[in-house]
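Each chain, written out:
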Amino acid sequence: MSETRVNRGFGRVLVVVYAVFALAATARSFVQILTRFDEAPVAYTLSAAAALIYVVATVALARGDKTSRRVATTAIAIELAGVLIVGTASLVAPSAFPSASVWSTFGSGYLFIPLALPILGLWWLHRTRPVPED
Amino acid sequence: MTGPLATLAIVAPLVLALWPLVLLVINRPPGRSLWVALGVVEVIQVVFAVWALVSMVTRTTDFARLEFALYVLGLLAILPAAGWWIRAEKSRAASAVLLVALLVVPFMVVRAQQVWSGV
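Here the structure is a predicted model, which is why all the values come from computation and not from measurement.

Draft legend 1. Region of the structure containing the pattern of salt bridges. A complete count under the given rule lists 2 salt bridges over all chains for this structure. Linking B:Glu89 and A:Arg12 is a salt bridge whose minimum nitrogen-to-oxygen distance equals 2.4 Å. In this pair, B:Glu89 sits in the loop between helix 3 (65-85) and helix 4 (93-116) while A:Arg12 sits in helix 1 (residues 10-36), so the two residues belong to two different chains. Accessibility classification places B:Glu89 together with A:Arg12 in one group, the buried group. One salt bridge connects A:Arg63 with A:Asp65, and the closest N-O pair in it is separated by 3.4 Å.

Draft legend 2. Looking closely at the packing of aromatic side chains. All names here are of chain A. In the structure shown here, the tally under the stated rule is 12 aromatic pairs over all chains. Between the aromatic rings of Tyr-54 and Trp-103, the centroid separation amounts to 6.2 Å while the plane-to-plane angle is 55°, which identifies the pairing as tilted. Of this pair, Tyr-54 sits in helix 2 (residues 41-63) while Trp-103 sits in the loop between helix 3 (66-92) and helix 4 (113-127), and the two are 49 residues apart along the sequence. Trp-103 matches Tyr-54 in its accessibility class, with the two residues each being buried.

Draft legend 3. Examining helix 4 of chain A more closely. Residues and elements named next belong to chain A. Here helix 4 spans 20 Å end to end across 15 residues, near enough to the 21 Å set by a 1.5 Å rise per residue. Listing the buried residues of helix 4 in full gives Pro-114, Leu-117, Pro-118, Gly-121, Trp-124 and Leu-125. Burial along helix 4 is one-sided: seen end-on, the buried residues are contained in an arc of 130°. Residues of helix 4 that are buried in the fold lie against helix 1, helix 2 and helix 3.

Draft legend 4. Representation of the side chain of A:Thr58 in the model. Residues and elements named next belong to chain A. Position of Thr-58 among the secondary structure elements: in helix 2. Among the polar contacts made by the side chain of Thr-58, one reaches the main-chain carbonyl oxygen of Tyr-18 at a distance of 3.3 Å. In this view, Thr-58 contacts Val-15, Tyr-18, Ala-19 and Ala-22; residues no more than four positions away in its chain are not counted.

Draft legend 5. Structural view of the environment of B:Ile78. With respect to the helices, strands and loops of the structure, B:Ile78 is situated in helix 3. When its relative accessible area of 13% is taken as the criterion, B:Ile78 is described as buried. Separated by 26 residues in the primary sequence, B:Ile78 and B:Val104 place their C-alpha atoms 7.7 Å from one another. Those residues in contact with B:Ile78, other than ones at most four positions away along the chain, are A:Leu23, B:Ala101, B:Val104, B:Val105 and B:Met108.

Draft legend 6. Layout of the packing of helix 3 of chain A against helix 4 of chain A. All names here are of chain A. One way to put it is that helix 3 packs onto helix 4 with a least axis distance of 9 Å and a crossing angle of 150°. One finds that helix 3 runs roughly antiparallel with respect to helix 4. Relative to helix 4, helix 3 is oriented so that their crossing is left-handed. Between helix 3 and helix 4, the contacting residues are Arg-69, Ala-72, Thr-73, Ile-76, Ala-77, Glu-79, Leu-80, Val-83 and Leu-84 on the first element and Pro-114, Leu-115, Leu-117, Pro-118, Ile-119, Gly-121, Leu-122 and Leu-125 on the second. In terms of residue class, the contact of helix 3 with helix 4 is made up of 13 nonpolar, 2 polar and 2 charged.

Draft legend 7. Quick peek at a nonpolar patch on the surface. Residues and elements named next belong to chain B. A grouping of Val-11, Val-15, Leu-18, Leu-21, Val-22, Val-25 and Ile-26 is seen on the molecular surface, where their side chains present a nonpolar patch of about 620 Å² in accessible area. The topology assignment puts Val-22 in helix 1 (residues 4-25). You can call Val-22 partly exposed: its relative accessible area is 48%.

Draft legend 8. Looking closely at the environment of B:Arg87. Residues and elements named next belong to chain B. Locating Arg-87 in the fold gives a position in the loop between helix 3 and helix 4. C-alpha separation for the pair Arg-87 and Trp-19, spaced 68 residues apart in sequence, amounts to 18 Å. Side-chain polar atoms of Arg-87 contact the backbone oxygen of Trp-84, separated by 2.8 Å.

Draft legend 9. Region of the structure containing the nonpolar core. Ranked by internal contacts, the top residues of the largest apolar core, which has 70 residues, are A:Tyr18, A:Tyr54, A:Leu61, A:Trp103, B:Phe48 and B:Phe68. Secondary structure elements with two or more residues in this core: helix 1, helix 2, helix 3 and helix 4 of chain A together with helix 1, helix 2 (32-58), helix 3 and helix 4 of chain B. The leading source of residues in this core is helix 4 of chain B, at 15 residues. Here B:Phe68 is in contact with B:Met1, B:Ala52, B:Met56, B:Phe63, B:Ala112, B:Val115 and B:Trp116, once residues within four sequence places are set aside.

Draft legend 10. Seen up close, the side chain of B:Gln113. Position of B:Gln113 relative to the elements: it lies in helix 4. If we skip the residues at most four places from it in the chain, B:Gln113 touches B:Met1, B:Thr2, B:Ala6 and B:Ile10.

Draft legend 11. Just the packing of helix 2 of chain A against helix 3 of chain A, in detail. Residues and elements named next belong to chain A. Their axes nearest at 8 Å, the elements helix 2 and helix 3 cross at an angle of 150°. The handedness of the crossing between helix 2 and helix 3 comes out as left-handed. For the pair helix 2 and helix 3, contact is made by Ile-53, Tyr-54, Val-56, Ala-57, Ala-60, Leu-61 and Arg-63 and by Ser-68, Val-71, Ala-72, Ala-75, Ile-76, Ile-78 and Glu-79, respectively. Of the residues belonging to the contact of helix 2 with helix 3, the class tally is 11 nonpolar, 1 polar and 2 charged.

The rules behind each value
Within every chain, residues take consecutive numbers counted from 1 along the sequence as written. Lettering for chains starts from A, numbering for ligands starts from 1, and both go in the order in which the items are written. Two thresholds apply to this predicted model, a pLDDT of at least 70 for residue-level local features and 80 or more for giving and counting side-chain atom pairs, whereas whole-chain, interface and lining totals are computed over all residues. Side-chain metrics in this entry use all non-hydrogen atoms of the structure; hydrogen atoms and water are not considered. Salt bridges are counted wherever a side-chain nitrogen of Lys or Arg sits within 4 Å of a carboxyl oxygen of Asp or Glu. Only DSSP runs of H or I covering at least 4 residues are called helices, and only runs of E covering at least 2 are called strands; the numbering of each starts at the N terminus. Each residue's exposure class comes from its accessible area (1.4 Å probe, protein chains only) as a fraction of the maximum for that residue type: buried when under 20%, exposed when over 50%, partly exposed otherwise. Pairing of aromatic rings covers Phe, Tyr and Trp, the last through its six-membered ring, and needs centres within 6.5 Å; plane angles under 30 degrees mean stacked, over 60 mean edge-to-face, and all others mean tilted. An expected span of 1.5 Å times one less than the residue number is assigned to each helix. Relevant arc is that of directions from the helix axis to the C-beta atoms, nothing else. We call two residues contacting when some pair of their heavy atoms lies within 4.5 Å. Pairs of N or O atoms within 3.5 Å make up the polar contacts considered here, provided that, within protein, one atom can donate a hydrogen while the other can accept it, and that residues adjacent in sequence are counted only when both atoms are side-chain atoms. Geometry is summarised by axes, namely lines fitted to C-alpha atoms with helices restricted to the contacting stretch, and by angles between N-to-C directions that run from 0 to 180 degrees. Orientation categories follow fixed angle ranges, with anything under 35 degrees roughly parallel, anything over 145 roughly antiparallel, 65 to 115 roughly perpendicular, and all other angles oblique. Crossing handedness: left-handed means the near helix sits turned counterclockwise from the far one by under a right angle, and right-handed means the same turn made clockwise. Following the grouping adopted for this structure description, the nonpolar residues are Ala, Val, Leu, Ile, Met, Phe, Trp, Tyr, Cys and Pro, the charged ones are Asp, Glu, Lys and Arg, and the polar ones are all others, Gly among them. Excluding any residue in a salt bridge, patches collect residues exceeding 30% relative accessible area, merging like charges within 9 Å and nonpolar Val, Leu, Ile, Met, Phe, Trp and Tyr side chains within 5 Å. Each accessible area is a Shrake-Rupley result for a 1.4 Å probe, and residues are judged covered by the shown protein chains and nothing else. Nonpolar cores are built from buried Ala, Val, Leu, Ile, Met, Phe, Trp, Tyr and Cys residues. Side-chain atoms within 4.5 Å join them into one set.

Shown next, in the form of structure tokens:
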């Protein structure tokens, strides 16, 4: 396999989609915390954590060096767990999620991109893993 | 927050998005003429943003001003950021990035309009 950098080719597009979610989630969380944090402190804290994960994943994927790959893998694994847990919980106990979050019902409000993104991210990190030199 | 200027700010990037879509399909990176067209679309966004912010400042009824301002200022950053990100990319991935960016811009204009009308 030829050497493909994680932030080149398809990786460039992946970073952009991550960046859009990072921007959207951060801005939304910023507004929620600044204007109405008292209404739902737990939900808005979770929302801020999700935003932070998207930001970390974006930066790590964009940098693409050895340490960044590890950071990206961890962040994206947490992201996948988050979308699966929140997605399932929002179906099992919808009353606990009064206002829709980006991960509610597996991101169906966002064309399921929040569910596809971590799977694509982990696949791409795996595909571009450094080949050990003999 | 509707009218010819807002419509242009939505339609122009959508129409231009067809160009990188074609480039993506035929496996080409963006050429010089597409960059010029992107510049024109960005100028349209700047004019729209100035109008939107002036409308926001002069509006007396209450609405989510912070969200509105973030959408309007954010949409200005999308195309320059995308251009910067693909400055050294010579594959069709550069076209794909521009396609995504050109779809995000009208989405943000529509969101700004929704915030304006209280959705």
